[in-house]
Amino acid sequence: MIALNKNYDNLQDSYLFYNIAQKTKAYLAENPDQKLYRMGIGDVSLPLCDAVIKALHTAVDDQAVKGSFHGYMPECGDPSLRETIANYYKRRGVNLENDEVFVSSGASDELGDILDLFSKDSKALIMEPAYPAYVDANVMAGREIIHLPSGADNGFLPLPTDDLDADLIYLCSPNNPTGAVFDKEKLKKWVDFANARGAIIIFDAAYEAFIEEEDLPHSIFEIEGARTCAIEICSLSKTAGFTGTRLGYTVIPKTLERGGQNANAMWVRNRTTKTNGISYILQKGGAAVFTEEGQEQIHRNIAIYKNNAKVLMEVLDELGIWYCGGKNAPYIWMRCPDNMGSWEFFDYLLKEIQVVGTPGEGFGACGEGYFRFSTFGDPEDTKEAARRIKELLKK
Ligand code: PLP
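Residues numbered from 1 in each chain as written. Predicted model: local features only at pLDDT ≥ 70, side-chain atom pairs only at ≥ 80, totals over all residues. Heavy atoms only, no water.

1. Quick look at the domain arrangement of the protein
Counted only if it meets this: Source of the domain bounds: an automatic or database domain assignment. The contact criterion used is simple: two residues touch if any of their non-hydrogen atoms lie within 4.5 Å. Buried surface area refers to the total accessible area, computed with a probe of radius 1.4 Å, that the two partners give up upon joining, counted for both partners together. Salt bridge, as applied in this entry: a Lys or Arg side-chain nitrogen positioned within 4 Å of an Asp or Glu carboxyl oxygen.
Domain boundaries in the protein define domain 1 (9-48 + 294-394) and domain 2 (50-291). Relative to domain 2, the C-alpha centre of domain 1 lies at a distance of 26 Å. Listed as interface residues are 31 residues of domain 1 and, on the opposing side, 45 residues of domain 2. Taking both sides of the interface into account, the surface hidden between domain 1 and domain 2 amounts to around 3100 Å²; carbon and sulfur atoms contribute 63%. Where domain 1 packs against domain 2, one counts 2 salt bridges.

Given below as structure tokens:
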């Protein structure tokens, strides 16, 4: 009899979004006339921009005509899109060769698949609170996980210490759930640590487009030394509303080698074996994001989410509540008032003012006592939620 992967028995049940759904459902069953102000889930609410829609339509029409029809696409990405993305990095002074960029179907897929490159006995360091997929993908692969807790004392941006015994290091900046962003100096400490140990950093840059402060790095490759220790995983999901359309990209420098093996060449082999490329239509839609028109339009949408963040931050400032994020990220991570637990605060907001957020505990034990608001919601709902939070918490 075939044995199934026993590592799956080690996965902890994730009750976070299930519990939120159950609690809100039960509340609505008891209070059918109430409207909920949902600021929990990190999905976008605005549609794809015109430039993308136009490009998608054109690409669909291309597929209807023999002369412009495309069958299988190159497994690592359409060469012109790889070049476009490499040029996007150039604007920040990051020089990539086109074939260091791999077009993907999104960051989640890549965060799971990329683990094929690493030996099972490598240890993964995950700073917490964390995006839950990092832990689960490594548990499924049977990898040992080192949990690195962070807190308000270090602004939820922990730094390496000599005693950390890590091979694979997860950094997410801007961070989900905390919204905290590593500056160049702090990132350099991680790059130096990884190079000194021979470790590899998986840098999740899914929220890079939300950074507004000039000096903050959008890419780990803005840091000297990163080309020998980092892989960057990026996504158009939040940048351009592609959560349901699916497109992303991954950067693996050709200079990333360990033990005589080259990670870029291995990934080419992996993709050409395990994928048949990303749809022609989606790659055309994705390419439109990087045009001048596309950039202008996606930043108009991002500005709407940023205004939601501003509305919420103003209220938290007025109330004197500690928080991080919001400025360079679409999440606000606040300390629950009056030492409430994060689920206790969830229940309180739901019952008293019908506002739904995400309890910090769901992102790891050190998230207890904190609460995440997503700023991807409807602006009018966000304003009303902020008004209600102010009324409730100023008491
Ligand atoms: N990485 C982080 C930190 C995220 O928050 C998310 C989605 O919420 C993802 C990756 C997944 O992005 P994608 O939609 O490209 O799979």
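2. What about the packing of helix 10 (residues 292-319) against helix 12 (residues 379-393)?
Helix-helix packing is characterised by the crossing angle of the two axes and by the distance between the axes. This is how it is decided: Axis definition: a line fitted to C-alpha atoms, limited for helices to the stretch in contact. Angles are taken between N-to-C directions and run from 0 to 180 degrees. A run of H or I in DSSP becomes a helix once it reaches four residues, and a run of E becomes a strand once it reaches two; helices and strands are each numbered from the N terminus. Just so you know how the angles are binned, under 35 degrees is roughly parallel, over 145 roughly antiparallel, 65 to 115 roughly perpendicular, and the rest oblique. Under the grouping applied here, Gly and all other residues not named as nonpolar or charged are polar, the nonpolar ones being Ala, Val, Leu, Ile, Met, Phe, Trp, Tyr, Cys and Pro and the charged ones Asp, Glu, Lys and Arg.
Contact geometry for helix 10 and helix 12: axes closest at 10 Å, N-to-C directions at 5 degrees. If you check the angle between helix 10 and helix 12, you find them roughly parallel. For the pair formed by helix 10 and helix 12, the contact residues are Ile304, Asn308, Val311, Leu312, Val315, Glu318 and Leu319 on the first element and Pro379, Thr382, Lys383, Ala386, Ile389, Lys390 and Leu393 on the second. Taken together, the residues of the contact of helix 10 with helix 12 sort by class into 9 nonpolar, 2 polar and 3 charged.

3. A short note on the site of the ligand
Put simply, the rule is: One heavy atom suffices: a residue is near a molecule or strand as soon as one of its heavy atoms comes within 4 Å of it. Residues adjacent in sequence count toward polar contacts only when both atoms are side-chain atoms; beyond that, a polar contact is any pair of N or O atoms within 3.5 Å, and within protein one must be able to donate a hydrogen and the other to accept it. The method behind every accessible area is Shrake-Rupley, applied with a 1.4 Å probe, and residues are considered shielded solely by the protein chains displayed.
The local shell around the ligand holds 15 residues, among which Asn176, Asp204, Tyr207, Ser235 and Ser237 are the closest. One of the side-chain nitrogen or oxygen atoms of Asp204 is found 2.6 Å away from a nitrogen atom of the ligand. Within the complex, 92% of the 400 Å² of free accessible area of the ligand lies under protein. Sorting the residues of the shell around the ligand by element identifies helix 4 (107-113) and helix 7 (237-240) as the ones contributing at least two each.

4. Things to note about the sheet that holds strand 12 (residues 331-335)
Where we set the bar: Between any two strands, pairing holds if DSSP finds at least two bridges.
Taken together, the 4 strands give an open sheet; going across it, the order is 11-12-15-14, and neighbouring strands pair in antiparallel fashion. Looking along the sheet, the strands with just one partner apiece sit at the ends: strand 11 (323-325) and strand 14 (358-359). Of the pairings in the sheet, the one linking strand 11 to strand 12 comprises 3 bridges and is antiparallel in character. Looking at the pairing, Cys324 lines up with Trp333 of strand 12. Against the sheet, helix 10 touches strand 11, strand 12 and strand 15 (370-374), its axis set at about 15 degrees to strand 12.

5. Quick word on the pattern of salt bridges
This is how it is decided: The buried label goes to any residue with under 20% of its type's maximum accessible area, the exposed label to any with over 50%, and the partly exposed label to all in between, with areas taken from a 1.4 Å probe on protein chains only.
Taken as a whole and judged by the stated rule, the model has 26 salt bridges. The closest approach of N and O atoms between Lys186 and Asp183, which form a salt bridge, is 3.9 Å. In this structure, Glu212 engages Lys327 in a salt bridge whose closest nitrogen and oxygen atoms are separated by 3.2 Å. With Glu212 in the loop between strand 6 (200-204) and strand 7 (230-235) and Lys327 in the loop between strand 11 and strand 12, the pair connects residues that are 115 residues apart, well separated along the chain. Classification of Glu212 by relative accessible area gives partly exposed; the value is 42%.

6. Re the sheet that holds strand 4 (residues 144-149)
On the basis of which strands lie adjacent, the open sheet formed by 7 strands has the order 2-8-7-6-5-3-4 and mixed pairing. Looking at which strands have only one partner, the edges of the open sheet turn out to be strand 2 (101-104) and strand 4. Within the sheet, the average angular offset between the axes of one strand and its neighbour, ignoring direction, is 20 degrees. Direction of pairing for strand 3 (residues 123-128) relative to strand 4: parallel, over a ladder of 6 bridges. Paired with Glu128 across the strands is Pro149, a residue of strand 4. In the packing of helix 3 (residues 79-90) onto the sheet, contacts are made with strand 2, strand 7 and strand 8 (248-251), and the angle to strand 2 comes to roughly 115 degrees.

7. A short note on helix 2 (residues 50-62)
Going by this rule: Working rule for helices: expected span equals 1.5 Å times residues minus one. The directions from the helix axis to the C-beta atoms form the arc being described.
With 13 residues, helix 2 extends 18 Å from end C-alpha to end C-alpha; this agrees with the ideal 18 Å at 1.5 Å per step. Regarding helix 2, the residues found buried are Ala51, Val52, Ala55, Leu56, Ala59 and Asp62. Looking straight down helix 2, one finds that the buried residues subtend no more than 130 degrees of arc, so they occupy a single side. Exposed residues on helix 2 whose side chains face more than 90 degrees from its buried face are Asp50, Lys54, His57 and Asp61. On its buried side, helix 2 packs onto helix 9 (280-289) and helix 10.

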